[in-house]
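# Coordinates in review
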Amino acid sequence: MLSLNVSSSAASQQMAKDLPTLAIEVSYPFHSHLIGRSGRNINRIMEDTGTRIHFPDRNRIAGESKSNSVIIRGRLAGLEMARQRIRADIPVEFVVDCSLERINSIGQSSLLHYFSTTFGVLLRFYPKIDGVDCQVNIRGQQNRLQHLKESVVYFGRLMHTSLESVVVKMETSFDHVWLVRDHVDQIVATTGAGIRCPDVSISTELPKKYCIWIRGSLDQVHLATSMLTGLLPMQLMVQTESQRFNPCFLEEAKTTDILFRVERSLSNTLTIRLASYEWNARNLFDLMRRCLDLPFDQRILPSLPESWLALVEITCNSFIRSSAKLSSFLSSTTQSVSRQPSAILMGDVSESCSSNNSRLSSPRAAIESCIPASLAASRFDQNSSRLLSQLLENVGLSHYSNLFVQNEVDLAMFSTLKDEDLISIGISSFGARKIMLNSIRELRK
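In this report, we go over the structure that sits alongside the text.

Analysis parameters
- Residues numbered from 1 in each chain as written.
- Predicted model: local features only at pLDDT ≥ 70, side-chain atom pairs only at ≥ 80, totals over all residues.
- Heavy atoms only, no water.
- Salt bridge = Lys/Arg side-chain N within 4 Å of Asp/Glu carboxyl O.
- Helix = DSSP H or I, 4+ residues; strand = E, 2+ residues; numbered from the N terminus.
- Buried < 20%, exposed > 50% of the residue type's maximum accessible area, 1.4 Å probe, protein only.
- 1 Å grid on protein atoms, 1.4 Å probe; cavity = no way out; pocket = protein on both sides within 12 Å on 5 of 7 lines; lining within 4 Å.
- Points joined across faces, edges and corners; volume = space filled by probe spheres on them.
- Nonpolar A, V, L, I, M, F, W, Y, C, P; charged D, E, K, R; others polar.
- Axes fitted to C-alpha atoms, helices over the stretch in contact; angles between N-to-C directions.
- Left-handed = near helix turned anticlockwise from the far one by under 90°.
- Contact = heavy atoms within 4.5 Å.
- Pairing = 2+ DSSP bridges.
- Phe/Tyr/Trp six-rings, centres within 6.5 Å; stacked < 30°, edge-to-face > 60°.
- Lys NZ or Arg CZ within 6 Å of the ring centre and 35° of its normal.
- Polar contact = N/O pair within 3.5 Å; in protein donor to acceptor, adjacent residues only side chain to side chain.
- Core = buried A, V, L, I, M, F, W, Y, C linked by side-chain atoms within 4.5 Å.

## Looking at the pattern of salt bridges
Summed over the entire model, instances satisfying the criterion amount to 13 salt bridges. For the salt bridge of E80 with R83, the shortest nitrogen-to-oxygen distance reads 2.8 Å. Of this pair, E80 and R83 both sit in helix α4 (residues 76-89), three residues apart, which is roughly one turn of that helix. There is no split in this pair, since E80 and R83 are both buried. A salt bridge links D182 to K325, with the nearest nitrogen and oxygen atoms 4.0 Å apart. Of this pair, D182 sits in the loop between α8 (174-180) and α9 (184-191) while K325 sits in helix α14 (residues 319-331), placing them 143 residues apart in sequence. Among the residues examined, K325 registers a relative accessible area of 45% and is labelled partly exposed. When salt bridges that share partners are traced, they join E80, R83, R87 and E278 into one network.

Quick look at the structure:
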């Protein structure tokens, strides 16, 4: 009986070790939308797909550099299902310029109500400084794209404005811009849209944020945005026994433009990392299936947009070359960590899954340290606590630092406190509470 238990335990450990990890990029402003209130959205996706999904802890800490990485762990089929669900749930926003006078003649509240109830979209109005024109952002869901397009067309007719100059803004990462920059001209030629991309060729002049602007007709900007999304980096990672590794996979990876890295993280254990463009997901999943020695009937056939088919010719096996160029570029730059790539392109996502700067030696360690996003959003974080101590010292209230530590309040939680909360943890001084409340207002901004 004892031998059976030992055997069962060993099998379960091996099964857990062989669970792969998927890392994709999603613009960090959308992370809270994907998580949902109290984690409702992301918990539903995890339950439906049998996966665990983690968003970077540092994104909720004021002053910390943000990460676009989303880490998913589970069986291959579950990873692809979760990827599709996340992509379908990401908001899509079109920007249209129109007459402020025309908007006022109908009324903003009337427009908001009509478009919300009729098309299920959200309108946001940003009057321009000239007092004549107004920028209107029309936001909907990827999985209700046709309703969103219909709402934009109807809005253009209602406002008597041309839809030949619709704008989409993609908030993205250094990695993505680096991969996109050599293919912009071909995407412009294919779609007819205008694309403005940040310059990342000079290491001393890297921007603080990476935004790609697309302008053109409604169909042009949507097609261009879809193609740019297909060029996002994607990584699969797994920890497995060294004897299961077949060196011939290295050559096969080159023919399908997959960056293949192998690391020995533990005795007799290898960490395998496969990275490429997201449009190349089918080859990524199939190579990972073979690395795991899974049968052919367990192959994954990702559901990919038709617009990504054109990327096969446009990219021409450029992912590995771009990664090599990036390694050379980074070796010559002294830029701060906040302006460095997100680690997917460089083959290490463990850093994105940690709340501090320490590296995790394996995908298993990286993911086991991650908890569901709904819980990560509320847990006490030591790094965030240190930032709070620094803030208190800057405003001359460092003597309250231990009080916040004792009550397990870090900077993220501090930014949610009200006056009665401060009183309840023992801060009786009116002046101190006033300074803290002013700091909290600044953090919320």
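## Description of unusual backbone geometry
Of note, H160 is a non-glycine position whose phi angle comes to about 55°, a positive value. The residue H160 is located in the loop between α7 (145-159) and β7 (166-172) in this model. Its relative accessible area of 63% is what places H160 among the exposed residues. The backbone of D293 sits at a positive phi, close to 60°, despite the residue not being glycine.

## Focus: helix α12 (residues 281-291)
Residues of α12 that are buried include every one of A281, L284, F285, L287, M288, R289 and C291, and no others. Positioned one or two residues after α12, D293 has a phi angle of 60°, which is positive.

## Here's the deal with the layout of surface pockets
In this structure, the largest pocket encloses a volume near 1300 Å³. For the lining of the largest pocket, the secondary-structure elements that each account for two or more residues are α4, β4 (91-99), β5 (122-127), β6 (133-141), β7, β8 (194-196), β9 (210-216) and α10 (218-230). Tallied by class, the residues present in the lining of the largest pocket amount to 20 nonpolar, 15 polar and 12 charged.

## Things to note about the packing of α9 against α10
The geometry of α9 relative to α10 is characterised by a closest axis approach of 9 Å and an angle of 145° between their N-to-C directions. Along this stretch, α9 crosses α10, giving a crossing that reads as right-handed. In contact with I187, T190 and T191 of α9, α10 contributes Q220, L223, A224, M227 and L228. Along the lines of polarity and charge, the residues of the contact of α9 with α10 split into five nonpolar, three polar and no charged.

## Brief notes about the pairing of β6
Bridge analysis of β4 against β6 gives nine bridges, and the strand direction is antiparallel. Within β6, the position partnered with V95 by the bridge is N137. Sheet analysis places β5 next to β6, joined by six bridges and oriented antiparallel. Pairing of Y126 across the sheet is with Q135, part of β6.

## So, the packing of aromatic side chains
A full pass over the atoms with the stated rule returns 14 aromatic pairs. Residues W178 and F329 carry aromatic rings whose centres are separated by 4.9 Å and whose planes lie at 50° to one another, so their mutual orientation is tilted. Placement of W178 in helix α8 and of F329 in helix α14 is noted, with a sequence separation of 151 residues between them. Residue classification places W178 among the buried positions, given a relative accessible area of 3%. Over the aromatic face of W178 sits the side chain of R181, whose NZ or CZ is 3.9 Å from the ring centroid.

## Quick notes on the side chain of N137
Turning to its location among the elements, N137 is positioned in strand β6. A distance of 3.0 Å separates polar atoms of two side chains, one belonging to N137 and the other to Q135.

## Considering the packing of α7 against α10
In the contact formed by α7 and α10, the axes pass within 11 Å of each other and the chain directions differ by 145°. Crossing handedness for the pair α7 and α10: right-handed. The segment α7 lies against α10, with L145, K149, V152 and V153 engaging L218, D219 and H222.

## Remarks on the nonpolar core
Core analysis: the biggest nonpolar cluster contains 55 residues, and F94, V136, I138 and I214 have the highest contact counts within it. Among all residues touching V136, those that are not within four sequence positions of it are F94, V95, V96, C98, I103, L123, R124, F125 and F155. M46, I53, A281 and I300 belong to the second-largest nonpolar core, a separate cluster that totals 36 residues.

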